[in-house]
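# A closer look at the structure
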Amino acid sequence: MAEVNKSSLDPLSALCKRRGFIFHSSEIYGGMPGFWDYGPLGCELKRNVKDAWWQFTVRSREDVAGLDATIIMHPKIWKASGHLDTFSDPMTMCKDCKKLMRSDQIADILADQKKKPQPKITGSDFFCPYCGGELTEPKPFNLMFKTVVGPIDDPQNVAYLRPETAQAIFAQFLNVTATSRMAVPYGIAQMGKSFRNEVTPRNYTFRSREFEQMELEFFIRPDEAVELQYGKVVTLADNPDLNGPVQDDWGWEVWHKYWVEQRKKFLAAVGLPPSTFVEYWQKPDELAHYARACVDIEYDFPFGRQELEGIAARSDFDLTQHQLHSKVPQTVFDDPLKQACKKLSDAEKDAFIAKTRTEWIARREKTLSAKAGKPVVLDEADSAALAANAEAFCRNLFEGKYVPHVIEPSAGVDRLMLALLCEAYEEEKLTDEKGKEDVRTVLHFSPKVAPIKVAIFPLIKKDPDQDRIAREIFNKLRKKVNCQWDVSGAIGRRYRRQDEAGTPWCITVDAQTVQDGTFTVRERDSMRQTRMNYGEFLAMMYEALEF
Ligand code: ATP
């Protein structure tokens, strides 16, 4: 990132506006907080980020299938997922200035304003950070946008804009499984718009009310099924090779770490090497009750270290919830598992059930203890209910049936774009041979995501041969990648314009091109110029664009 201006987004946002990356939505009407539009360069960058994710996550793998579901879905989906009841932020209002704010963010706002917290007087811990007024009691505010389906504005017709893309994947799990001819372990990926009525959208595009997500639900066997089929469950302690081919005997812990590593590989491929972010492993008391583990990948944005994306091990919570609410079984049939279980004696099955019961109770007590901060022992009724569930689960396994568990890598397109922009932005100080100083603004995008891949110029625009040959190259190349034609101004100015757009290569056609067909290729970061022919350029470009 830029040596200068590390602490502020202002120079970057000014560049984004000036060069057509990001605009305020509805700007001529004063804009809308939390809504952003991507201009000509921004929408190319976004498309490239999404294409890269799709290529990496879906097309380059044999075990992931895609989905493109609707934004508005049956409202029962949000009841089953828990979003209707619990997807809320605590909101408070100042009784004097009437400003709304998230009560959990007041400390951050005060810190931004370099003010000290004041003593507690109401249900909130603070006075209003803006005017010092009294605050109302914090109330949960559901973040889902409501709408009405059909012409009658009746509570029965209320539906919601999806707050995440993931739930559609669970709701279509059976259809995709039946039609993709894939078997667990396998994943379903989806990308698209999500909507959250954030109380305080902030930090440019980081927290928006309309944004895009790229989510993968990777379904795996429960560890118990792995154990029955393979006689063991590979854990991280076994030191599995996470860079090699995936293995059927991996337990959830290995699958989870595998996907953390995959996500890191992806981020490096699009321009965020591991040195630029940190892994934050959520502590046991921070985890959702159903989650086994969750890693946030955090990036140092100019406004602080913040979550870029998350990778969660969500057990079988989601599919089980949909099974409960829809009454449609979400089990898969795993014939190799059934065949393996056929070889077990009744005594071996009983022993397996007893072991599973003990493990489930121990795990539940561990989770509750972490949340309570003190040892919790299940009472007799809860233990008996859990033991009965464990037995039913085992008996299903013996028949080759289970509800798959899931690992969920969930990323935001807009957040990744913002991180890529922050990382790419540099105001580079240059000194020429005569000692004259200059500043070059450059976006060091990876060629894989750069909005324009190649800019093509005739050195002398009035030279008909140079113009014709440059046009021929432009017309051939634009069929393959996004190119730009530029004849205005001196060649140095044209290079600088492309530096600001993050274009990795500029091709300049000159007098020698007319003689021998070679042209100069100016590389953005090193500013080095190399002569090559069309074939050599294509080979170099394709190598840089390949995953
Ligand atoms: P946060 O705590 O920052 O609100 P979250 O933990 O609620 O994020 P998830 O529900 O896990 O986020 O969503 C997955 C990803 O979607 C996030 O890591 C982020 O990249 C993106 N995302 C979530 N909310 C927003 C938003 N309001 N604006 C832009 N991107 C978002």
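Note that the structure is predicted; figures quoted are calculated from it, not measured. (Residues numbered from 1 in each chain as written. Predicted model: local features only at pLDDT ≥ 70, side-chain atom pairs only at ≥ 80, totals over all residues. Heavy atoms only, no water.)

### Some details on the pattern of salt bridges
Condition: Salt bridges are identified by distance alone: a Lys or Arg side-chain nitrogen within 4 Å of an Asp or Glu carboxyl oxygen. Each residue's exposure class comes from its accessible area (1.4 Å probe, protein chains only) as a fraction of the maximum for that residue type: buried when under 20%, exposed when over 50%, partly exposed otherwise.
Under the definition given, this model contains 34 salt bridges. One salt bridge connects Glu-198 with Arg-207, and the closest N-O pair in it is separated by 3.6 Å. Glu-198 gets classed as buried once you look at its relative accessible area, which sits at 5%. Within the structure, one salt-bridge network assembled from shared partners comprises Lys-257, Glu-261, Lys-264 and Glu-279.

### Digging into the domain arrangement of the chain
Condition: The split into domains, and so the bounds of each, comes from an automatic or database assignment of domains.
Each assigned domain of the chain is listed here: domain 1 (10–73 + 166–334 + 403–417), domain 2 (76–147 + 151–158), domain 3 (337–399) and domain 4 (452–545). Put simply, the middle of domain 2 and the middle of domain 4, counted by C-alpha atoms, are 53 Å apart.

### Quick notes on the site of the ligand
Here is the rule we go by: For this purpose, a residue is taken to be near a molecule or strand whenever a single non-hydrogen atom of the residue falls within 4 Å of it. Nitrogen and oxygen atoms within 3.5 Å of one another constitute a polar contact, given that in protein one can donate a hydrogen and the other can accept it, and given that sequence-neighbouring residues count only through two side-chain atoms. Segments assigned H or I by DSSP are reported as helices when at least four residues long, segments assigned E as strands when at least two residues long, and all are numbered from the N terminus. When residue character is reported, Ala, Val, Leu, Ile, Met, Phe, Trp, Tyr, Cys and Pro are called nonpolar, Asp, Glu, Lys and Arg charged, and the others, Gly included, polar.
Taken together, 14 residues lie around the ligand, and Glu-198, Arg-207, Ser-208, Glu-307 and Leu-308 are the ones closest in. Contacts to the ligand include Arg-207, whose side-chain N or O atom sits 2.7 Å from an oxygen atom. Secondary structure elements with two or more residues in the shell around the ligand: strand E10 (210–220), strand E13 (304–313) and strand E16 (405–412). Within the shell around the ligand, the residues separate by chemical class into four nonpolar, four polar and six charged.

### Focus: the side chain of Arg-221
Our working definition: Residue contacts are defined here by distance: any two heavy atoms, one from each residue, within 4.5 Å place the two residues in contact.
By the element assignment, Arg-221 lies in the loop between E10 and helix H8 (223–230). Looking at Arg-221, its side chain comes within polar contact range of the side chain of Asp-334, at 3.0 Å. Discounting chain neighbours no more than four positions away, the residues touching Arg-221 are Val-184, Pro-185, Val-226, Gln-229, Tyr-230, Asp-248, Asp-334 and Tyr-402.

### Quick notes on the packing of helix H1 (residues 10–19) against helix H16 (residues 491–501)
Under the convention used in this document: Throughout, an axis means a line fitted to C-alpha atoms (over the contacting stretch in the case of helices), and angles, computed between N-to-C directions, take values from 0 to 180 degrees. Take the far helix as the reference: if the near one is turned anticlockwise from it by less than a right angle, the crossing is left-handed, and if turned clockwise, right-handed.
Packing of H1 against H16 leaves a shortest axis separation of 10 Å and a crossing angle of 115°. In this structure, H1 crosses over H16, and the sense of that crossing is left-handed. Taken together, the residues of H16 that come into contact with H1 (itself represented by Leu-15, Arg-18 and Arg-19) are Arg-497, Glu-500 and Ala-501. For the contact of H1 with H16, the class distribution of residues is two nonpolar, no polar and four charged.

### What to know about the packing of H8 against helix H12 (residues 346–372)
Spelled out, the test is: Angle categories are assigned with fixed cut-offs, so that under 35 degrees is roughly parallel, over 145 is roughly antiparallel, 65 to 115 is roughly perpendicular, and the rest are oblique.
Relative to each other, H8 and H12 sit at 150°, their axes nearing to 12 Å. The angle between H8 and H12 falls in the class roughly antiparallel. Considering only the axes of H8 and H12, their crossing is right-handed. For the pair formed by H8 and H12, the contact residues are Glu-224, Glu-227 and Leu-228 on the first element and Phe-352, Lys-355, Thr-356, Trp-360 and Arg-363 on the second. A breakdown of the residues in the contact of H8 with H12 according to their chemical character gives three nonpolar, one polar and four charged.

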